[in-house]
Amino acid sequence: MRLPRSVAGWTIAVFGLLAFTLGLFGLIRPDDLLGLLGFQVVEARGPGDYTKVYMAASSMAAVNMGVYYMLAAASDWTPFFRWTVPFRLVTFVVFTTLVVTGAAPAEFFGVGLWEGLGALVTGLALWREGRLVQSSSARRPATR
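These lines cover the structure that appears in this document, whether it is placed above or below. The shown structure was predicted, so the numbers you read here are calculated from the model rather than taken from an experiment.

Helices and strands together make up the secondary structure of the protein, namely six helices and zero strands. Going residue by residue from the N terminus, the α and β elements of the protein occur as α-α-α-α-α-α. Each principal axis of the C-alpha atoms in the protein carries an extent, and together these give about 65 × 35 × 25 Å. A burial count over the protein gives 34% of its 144 residues as buried. When the accessible surface of the protein is summed, it comes to about 9200 Å², and 69% of that surface belongs to carbon and sulfur atoms.

Before going further, it helps to spend a moment on the environment of leucine 126. When you line up the elements, leucine 126 lands in helix α5 (residues 109-128). Classification of leucine 126 as buried rests on a relative accessible area of 0%. Spatially, the C-alpha atom of leucine 126 lies 28 Å from that of phenylalanine 108, the residues being 18 residues apart in sequence. Non-local contacts of leucine 126, meaning those with residues more than four positions away in its chain, are made with Ala8, Thr78, Phe81, Arg82, Val85, Arg131 and Leu132.

A separate point is the side chain of arginine 88. In this structure, arginine 88 sits in helix α4 (residues 78-100). Take arginine 88: its relative accessible area is 3%, and that puts it in the buried class. Ignoring anything within four residues of it in the chain, the contact list for arginine 88 reads Ile12, Phe15, Tyr69, Trp114, Glu115, Gly116, Gly118, Ala119 and Thr122.

With that settled, the discussion passes to α5. An α-helical segment advances 3.6 residues per turn. Residues three or four places apart therefore align on the same side. Compared with an ideal rise of 1.5 Å per residue, which puts 20 residues at 28 Å, α5 spans 28 Å between its outermost C-alpha atoms and is within 8% of the ideal. Buried residues in α5 make contact with α1 (7-28) and α4. Note on α5: the residue one or two positions beyond its end, glycine 130, has a positive phi of about 70 degrees.

Let us now look at the packing of α4 against α5. Packing of α4 against α5 leaves a shortest axis separation of 8 Å and a crossing angle of 150 degrees. In terms of axis orientation, α4 runs roughly antiparallel to α5. The handedness of the crossing between α4 and α5 comes out as left-handed. Each residue belonging to the contact of α4 with α5 can be placed in one class, and the counts come to 13 nonpolar, nine polar and three charged.

Phi angles above zero are rare outside glycine, and aspartate 76 is one such case at about 55 degrees. Within the fold, aspartate 76 resides in the loop between α3 (51-74) and α4.

As a further point, take a nonpolar patch on the surface. The grouping of Leu3, Trp10, Val14 and Leu18 at the surface amounts to a nonpolar patch, some 390 Å² of accessible area in total. Here valine 14 falls in the partly exposed class, since its relative accessible area comes to 44%.

Here is what the cut-offs are and how they apply
- Note that residues are indexed from 1 along each chain, following the sequence as it is written.
- Only residues with pLDDT of at least 70 are given local features in this predicted model, and only at 80 or more are side-chain atom pairs given and counted; all residues enter the totals for whole chains, interfaces and linings.
- Only heavy atoms go into the side-chain values, all of them from the structure, while hydrogens and water stay out.
- Only DSSP runs of H or I reaching four residues or more are called helices, and only runs of E reaching two or more are called strands; each is numbered from the N terminus.
- Burial classification: accessible surface area is computed with a 1.4 Å probe over protein chains only, and a residue below 20% of its type maximum counts as buried, one above 50% as exposed, and the rest as partly exposed.
- In this description, accessible areas are obtained by the Shrake-Rupley approach with a 1.4 Å probe, and a residue is regarded as covered only by the protein chains that are shown.
- Contacts are assigned to residue pairs with any non-hydrogen atoms lying within 4.5 Å of each other.
- One less than the number of residues in a helix, times 1.5 Å, gives the span that helix is expected to have.
- Throughout, an axis means a line fitted to C-alpha atoms (over the contacting stretch in the case of helices), and angles, computed between N-to-C directions, take values from 0 to 180 degrees.
- Any angle that falls under 35 degrees is termed roughly parallel, while one over 145 is termed roughly antiparallel, one within 65 to 115 roughly perpendicular, and all others oblique.
- Take the far helix as the reference: if the near one is turned anticlockwise from it by less than a right angle, the crossing is left-handed, and if turned clockwise, right-handed.
- Polarity classes work like this: nonpolar for Ala, Val, Leu, Ile, Met, Phe, Trp, Tyr, Cys and Pro, charged for Asp, Glu, Lys and Arg, and polar for all others, with Gly in that last group.
- Patch definition: residues with relative accessible area over 30% and no salt bridge; like charges joined within 9 Å; nonpolar side chains (Val, Leu, Ile, Met, Phe, Trp, Tyr) joined within 5 Å.
- We count a salt bridge whenever a side-chain nitrogen from Lys or Arg sits within 4 Å of a carboxyl oxygen from Asp or Glu.

If you want it as structure tokens, here you go:
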């Protein structure tokens with residue numbers, strides 16, 4: 001796999017590696033990940049409690065997302081980098097709202113913070129590299 005060729009690419013690669021690693025952690029040790037996020041870990045789960053299924057599904061999604069991010073970084077896919085910024089900021093708002101309203105434990109704020117700070121760092125790197133906004137020449141269709 002090719003290494004990222006820009007600071008923005010490195011921010012995406014690091015985010016991807018962390019998502020991949022935490023996703024694997026959640027697949028292998030779901031109770032430990034629940035505890036890390038501040039959720040109560042119980043000895044036995046009752047009928048209709050699908051916490052382990054949800055943990056497997058969200059952890060697998062994190063593994064996949066991590067791979068997507070690392071591949072995008074390796075190919076220096078700037079449009080992908082740009083699209084992550086607003087969506088990760090929305091994720092920050094949603095996750096922070098869950099904590100503020102008491103729907104999620106305080107430790108879960110770390111996930112929102114990870115998303116929000118990561119988005120800002122990627123956006124700043126794109127801005128510094130002059131790649132935050134697609135140039136008008138890149139938007140024009142090719143002429144024959």
